Amino acid sequence: MKLFQGIRHDDPLRILVPIGAPCVLLLALGMIFPQVVIVVITYGAAAATIAVAYLLFRFVQKFLGENRGPGCTLDTWRPTVLSGLRTGCCVLLQWAPFGFLALLVFGANGLIVNGIEWLLTMGMSKLAAGASNVGREVGAFSCWPIDRLRCVKEALQSIATELKGVETALYNLLVVVRYIFVVETYVSWIFLTWLTTRSVLYFLSRRVLVEQSLAPDAESSPIEIRFDMEFTR
Amino acid sequence: MNLLMRTTVYSDNFSIEGFEPLYARIGRGPNRRGNFVIPQRSSCVLRRLLTGMYVLNRVDPKSRGANAPLLWPVRAPERIAVVELRDEQLCFRMRNLAFFEEGLRLSTIVNTQAPWLAFESPLITKVSGSGRVGIQIDGTPDCLAADPAPNAPHISLHRLAAWSTDTRFGLDVAPGYANTVLVAPAAAIVRSSSLVIAGRDVDEDVGTAGLAMRVGRLIIP
C-alpha cells in the first residue's frame, strides 16, 4: 500500500509501465520454449495482461482514491466489470488482426522449419545412401577385369562424386533457409510483443483520459507532457 | 526576443545568403551539384535511416560561383518555417526537417511518460545549439507560443512538426469506444511553450485509407 501511495497523483498512468514489463518478460521467456508452448503463452499473455491491467487499476484506485482529493484521475475513473470487459474487447479487437497475422507467420515458419529439418534428416540420408550405393557399385565394377566397362566405371564414379556435391550444396542451402526462417520467427515475436504492449497502453491511456475529462470538476488532462529530459543520446 | 519572433515562415523561394553551411535533405534545397556527407553519424541513427536523412547534402552558400542569389525552393502547398536558435533546443519530427546549419547538434531524447508512450514514439529527435533550422510543413502552419492559458488551442498530435523543449502539453482524446477502436488521433493542448509549429488540422475522413494510416501510426509511431 505504501508503494502505491508514493506514485504522483498527477501522473497516474506511470503505473502502466509495470504492466507492460511482465508482459514483455513473459513473451521473452516464451522464446526459449517449444513452439506449441509459445502459442499458448501468447494467448495467455494477452488475456493475462488485460486482466492484470484491469485489476491493478481497480486496486490502485481503491488505495489512492482514499488518500487523494477530488480531481485526481483515479478518483474520477470508476471502472465497472462491464467497462473493463469493453476495454478488454477493444484491446483484443486492436490486437487480433496483427497478432493473429504474426501468429500465422510464426506457425508457418514453424512448419517450414520442421519441414526443412525433415528434409535435412530423411532426404539427405537417402541421398547419401544413394551416393553410397553408387559408390559400392563402382567398387564392384572395379573388380571386373573387363576393360570395356572402364567407361561405365568412370561414369558411375563421376555420378557418385556429383551426388555427393549436390548433397553438400543442398544441405548448406537448407541450413541457410532454416536459419533465415528462425531469424524471421524472432522478428515476428518482437513485433508481437511490441504490438501487445502498445495496444494495452493505448487503450488504457485513452480510457483514463476520457474518464478524467468527463469528470464534472476535473480539469481536462491534468497530466503534463514534458520534454526537458536529461537523458539524451 | 523569444523563439516565436525568430521564426519566419516562407511560402515562396527564399534566399539563403548569409546562412552558415547547412545540411539539406537530398533532393531538396538549391539545385546544385550534390556534396553528399554524413554529418554527426552517431546521432539519431535509426530515425535518420528510416526517413532517408542519414546522408545529407552539404550546401555552402558562401562558396557559390554564380552571381544570382542562392535560393531555397519552396513548392506549393508546402511552407518552410525557419527557426533561429540561440543556444536553445527544439524538438521536431525528422520527416519535417528540411535543413539545419552546421553549428547545430542533433540528438534524441527519451520520453517515457506513459500517456506520451501510448500515442507517440518514446524517441524524440532534438536539435540544439545556435543556428537556423528549416522545418517543412504541408500547408500554412500554426506557429504558437503560449503561456499558461485557459483557452489553449488543441493540436492533433500527428500534426505537430516542431516544439521547444520547454513545452508543456496536456493530452485530450475524443470519448467513445468507436473513436477508441478507430484510433481517433489524440490532441495536445499547449499549456506553455516558447514555440510550437504544427500543420493545420484538416478533417480526416475515416475511410479505408484514413483508418490504415491511423492504425499504421499506432503500430509504428
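Residues numbered from 1 in each chain as written. Chains lettered and ligands numbered in written order. Predicted model: local features only at pLDDT ≥ 70, side-chain atom pairs only at ≥ 80, totals over all residues.

Visitor: For the overall build of chain B, give the residues involved together with the corresponding values.
Guide: A tally of helices and strands in chain B yields four helices and 15 strands. In chain B, which comprises 221 residues, the share counted as buried stands at 36%. Taking all contacts inside chain B whose residues are at least 6 apart in sequence as the whole, residues at least 24 apart take part in 81%. (Helix = DSSP H or I, 4+ residues; strand = E, 2+ residues; numbered from the N terminus. Buried ≥ 20, exposed ≤ 12 C-beta atoms within 10 Å, placed from the backbone. Contact = placed C-beta atoms within 7 Å.)

Visitor: I'd love a proper account of the overall build of chain A, names of residues and values included.
Guide: When its secondary structure is counted, chain A shows six helices and one strand. Reading the helices (α) and strands (β) of chain A from amino to carboxyl end gives α-α-α-α-α-α-β. A total of 233 residues make up chain A; the buried ones form 24% of that total. A separation threshold of at least 6 residues defines the contact pool for chain A, and within that pool the share at least 24 residues apart is 77%.

Visitor: Give me the lowdown on the pairing of strand 7 (residues 78-92) of chain B, citing residues and values where you can.
Guide: Residues and elements named next belong to chain B. Relative to strand 7, strand 1 (residues 7-10) runs antiparallel, the two sharing four bridges. Paired with Y10 across the bridge in strand 7 is I80. Pairing of strand 7 with strand 10 (residues 123-138), which is carried by 14 bridges, proceeds in the antiparallel orientation. By the bridge assignment, E88 is partnered in strand 10 with G129. (Pairing = 2+ DSSP bridges.)

Visitor: Break down the nonpolar core for me, with residues and values.
Guide: Note on soluble globular proteins: their nonpolar side chains tend to be buried together. All names here are of chain B. Among the nonpolar cores identified, the biggest contains 60 residues, and I135 and I197 are the most heavily contacted of them. Considering each element in turn, this core owes the most residues, eight residues, to strand 15 (residues 187-199). Among all residues touching I197, those that are not within four sequence positions of it are A81, I135, I137, P141, C143, A161 and A162. (Core = buried A, V, L, I, M, F, W, Y, C linked by C-beta atoms within 7 Å.)

Visitor: Got a sec to walk through the confidence of the model for chain B? Specific residues and values, please.
Guide: Residue and element names in this part refer to chain B. Looking at chain B, pLDDT values average 85 and 90% of them are 70 or higher. Highest mean pLDDT in chain B belongs to strand 8 (residues 97-101) (93); lowest belongs to strand 11 (residues 141-146) (76). We note a pTM of 0.67 for the whole complex and an ipTM of 0.81 for its interfaces. (pLDDT = per-residue confidence, 0-100.)

Visitor: Any chance you could break down the confidence of the model for chain A for me, citing the residues and the numbers?
Guide: All names here are of chain A. Summary statistics for chain A give a mean pLDDT of 65 and a share of 40% for residues scoring 70 or more. Within chain A, no element has a lower average pLDDT than helix 1 (residues 2-5), which sits at 41, and none a higher one than strand 1 (residues 224-226), at 82. Long-range and interchain partners of residues 63-77, a stretch whose pLDDT sits below 50, account for 33 contacts in this model, where long-range means more than four residues apart.

Visitor: Before we move on, can you summarise the environment of B:V196 with the specific residues and values?
Guide: All names here are of chain B. Considering the arrangement of structural elements, one finds V196 in strand 15. A sequence separation of 31 residues divides V196 from T165, and the C-alpha atoms of the two residues are 9.8 Å apart. Apart from the residues within four sequence positions on either side, V196 is in contact with L144, W163, T167 and V190.

Visitor: Please give an account of the pairing of strand 14 (residues 168-172) of chain B that cites residues and values.
Guide: Of the pairings in the sheet, the one linking strand 1 of chain A to strand 14 of chain B comprises three bridges and is antiparallel in character. Residue pairing in the sheet places A:I225 in a bridge with B:F169 of strand 14 of chain B. Two strands pair when backbone bridges link them, and strand 14 of chain B and strand 15 of chain B are joined in this way by five bridges, in the antiparallel orientation. Among the inter-strand pairings, B:L171 is bridged to a residue of strand 15 of chain B, identified as B:A188.

Visitor: Residue-level account of unusual backbone geometry, with values.
Guide: The bulk of non-glycine residues show a negative phi, and the bulk of peptide bonds are trans. Residues and elements named next belong to chain B. Residue P77 is reached from A76 by a cis peptide bond, and omega for that bond is 5 degrees. In this structure, P77 sits in the loop between strand 6 (71-72) and strand 7. Of note, the phi angle at D87 is positive, near 55 degrees, even though the residue is not glycine. Unusually for a residue other than glycine, V183 sits at a positive phi of about 55 degrees. Inspection of the secondary structure assignment puts V183 in the loop between helix 3 (177-181) and strand 15.

Visitor: How would you summarise the environment of B:S193 if you had to cite specific residues and measurements?
Guide: Residue and element names in this part refer to chain B. Within the secondary structure, S193 sits in strand 15. Note on S193: 22 C-beta atoms within 10 Å, which makes it buried. When the C-alpha atoms of S193 and T167 are compared, they prove to be 4.1 Å apart, with 26 residues separating the residues in sequence. When residues no more than four places from it in sequence are discounted, the contact partners of S193 are L144, A145, A146, W163, S164, D166, T167 and R168.

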